[in-house]
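Residues per chain are reported as follows:
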Amino acid sequence: MQAYFTNDAIVLGLLMAVLAIIFYLESSKKPFWVKFFTYVPSLLLCYFVPALLKWPLGLVDGEVSQLYYVASRYLLPAALILLCLGIDFKGIMRLGPKAIIMFLAGTIGIILGGPIALLVIEYLFPSLIPSNLSVNELWRGMSTIAGSWIGGGANQTAMKEVFEVADNIFGIMIVVDVIVANIWMGFLLYGANIRDKANRLLKADNTAILDLEKRMEDYNASVKKIPTTTEVFILMAVAFGGVALAHWGADIITPFMEERIESLKNMNLQSLASGFFWLVVIATTIGLALSFTSARKLEGVGATRWGSVFIYVLVATIGMKMDLAQIFDKDNIGLFLIGLTWMLVHVIILLLVAKMIKAPFFFVAVGSQANVGGAASAPIVASAFNPSLASVGVLMAVLGYALGTYGALICAILMEMVATG
């Protein structure tokens with residue numbers, strides 16, 4: 001059914017109104033809203049309320065709208081640049097090896113979660129497997145989810161080609177991928193709101209993260225000022241000038257890589273032919289480079305604040321693409337249960353490793369989202385803890401692009417062994 005509003009100017013107005021209402025209520029001093037936002041983070045609402053506009057209200061359709069494309073290609077790289085401007089590189093280095101360990105634990109959780117989920121459903125609940133799918137078609141289709149959850153869209157497409165997944169099966173797996181990943185992202189955003197309780201349960205040492213947050217806040221306070229119109233224009237020029245450079249660089253590099261796609265496939269590095277990959281890498285690099293220059297002082301005129309606004313708009317457009325109705329489609333219930341079981345294995349391994357090494361919940365959340373969500377959503381989850389930490393999510397997500405195809409291939413081989421065993 002067609003959405004009631006198909007004009008993106010109207011859809012954008014609706015999303016901005018939703019965001020404004022959420023933040024207005026969050027800033028309210030009324031006891032009800034103070035208590036409500038103690039348990040329900042605003043970022044989570046910015047994600048799920050737009051999903052309700054799609055279903056059951058039927059007001060918008062994220063698949064028809066071009067707003068997500070604009071937000072992910074223009075606002076996201078601008079946000080990456082602005083959020084990286086004031087980065088404390090030494091502080092990030094002092095975060096230690098736990099960040100990488102948790103990221104790799106998340107990757108291992110996805111690699112093992114696929115075959116375990118397939119094993120559980122195939123042997124315990126075989127009736128849940130859709131009748132129109134053979135087990136052989138199922139594991140091949142699941143390989144595309146592995147590519148997405150470890151790397152990103154390029155890795156997902158690579159798995160489709162490698163294992164010759166039919167288009168109709170690929171479409172179903174994309175739905176499972178998006179819905180399950182988005183549900184888990186919702187839990188992570190909620191977890192960010194109860195981080196202190198989570199850290200106590202994990203017996204985590206949160207000192208390095210708190211130190212980085214404090215250093216960033218102190219620096220922000222030292223340069224904070226009421227910006228002039230000229231300074232705002234300079235800030236926007238830096239942000240969107242950087243976006244222009246990132247797109248220019250991606251437009252040059254991507255065709256060069258596409259000409260060598262066969263060689264890249266042989267090395268399982270198809271991600272390097274993705275324009276979005278280079279857009280994120282170049283934008284992040286520009287932001288990191290500027291953090292070593294006097295441009296860092298732009299933090300005082302609102303770099304992080306504007307970057308956060310762009311991220312929230314992106315969150316709303318992602319939520320608008322989420323089709324909650326698909327969760328209740330009886331033909332997909334079995335596939336969703338496979339996806340949820342898979343995600344549960346990923347979560348259990350993450351939490352076990354976090355408990356063993358006493359890693360703070362921030363590393364659990366960002367390590368997971370850098371795998372499952374990639375560069376578009378890892379900084380969103382990191383920002384839920386503190387906007388100054390967004391760059392940590394970006395850096396880890398880029399690592400996910402590099403490992404995506406390798407991890408997905410290993411996962412696919414294990415699933416094939418389960419399916420044919």
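Residues numbered from 1 in each chain as written. Predicted model: local features only at pLDDT ≥ 70, side-chain atom pairs only at ≥ 80, totals over all residues. Heavy atoms only, no water.

### Some thoughts on unusual backbone geometry
At the junction of Trp-55 and Pro-56, the peptide bond is cis and its omega measures out at 15° in the coordinates. Position of Pro-56 relative to the elements: it lies in the loop between helix H3 (42-54) and helix H4 (67-85). Despite not being glycine, Glu-164 shows a phi value in the positive range, around 50°. Relative to the helices and strands, Glu-164 resides in the loop between helix H8 (153-162) and helix H9 (167-193). Residue Glu-164 is classed as exposed on the basis of its relative accessible area of 68%. (Helix = DSSP H or I, 4+ residues; strand = E, 2+ residues; numbered from the N terminus. Buried < 20%, exposed > 50% of the residue type's maximum accessible area, 1.4 Å probe, protein only.)

### Description of the layout of surface pockets
Computed from the structure, the second largest pocket encloses a volume of approximately 360 Å³. In terms of lining residues, the second largest pocket is bounded by 19 residues, among which Trp-184, Phe-187, Leu-188, Val-347 and Leu-351 are the most central. Secondary structure elements with two or more residues in the lining of the second largest pocket: H9, helix H10 (195-202), helix H16 (333-357) and helix H17 (361-372). The dominant element in the lining of the second largest pocket, judged by the number of residues it contributes, is H9, at seven residues. For the lining of the second largest pocket, the residue count by class is 18 nonpolar, one polar and no charged. (1 Å grid on protein atoms, 1.4 Å probe; cavity = no way out; pocket = protein on both sides within 12 Å on 5 of 7 lines; lining within 4 Å. Points joined across faces, edges and corners; volume = space filled by probe spheres on them. Nonpolar A, V, L, I, M, F, W, Y, C, P; charged D, E, K, R; others polar.)

### Regarding the packing of aromatic side chains
Across all of its chains, the model carries 16 aromatic pairs by this definition. Plain terms: the ring middles of Phe-240 and Phe-310 are 5.7 Å apart, the flat faces sit at 65° to each other, and that makes the pair edge-to-face. You can see Phe-240 sitting in helix H12 (residues 229-258) and its partner Phe-310 sitting in helix H15 (residues 303-321), a full 70 residues away along the chain. The partly exposed category is assigned to Phe-240, whose relative accessible area is 31%. Looking at Phe-310, the relative accessible area reads 8%, which means it is buried. (Phe/Tyr/Trp six-rings, centres within 6.5 Å; stacked < 30°, edge-to-face > 60°.)

### Examining the side chain of Asn-371
Take Asn-371: it is sitting in helix H17. With a relative accessible area of 0%, Asn-371 lands in the buried category. When near neighbours in sequence (up to four residues on either side) are disregarded, Asn-371 contacts Phe-103, Gly-106, Thr-107, Ile-110, Ser-148, Trp-149, Ile-150 and Gly-151. (Contact = heavy atoms within 4.5 Å.)

### Things to note about H12
An ideal rise of 1.5 Å per residue puts 44 Å on 30 residues; H12 measures up with 43 Å between its terminal C-alpha atoms. Of the positions making up H12, those classed as buried are Glu-231, Leu-235, Met-236, Ala-239, Gly-242, Val-243, Ala-246, Gly-249, Ala-250, Thr-254 and Met-257. Structurally, H12 contributes buried residues whose contacts are with H4, helix H13 (261-266), helix H14 (275-290) and H15. (Expected span 1.5 Å × (residues − 1).)

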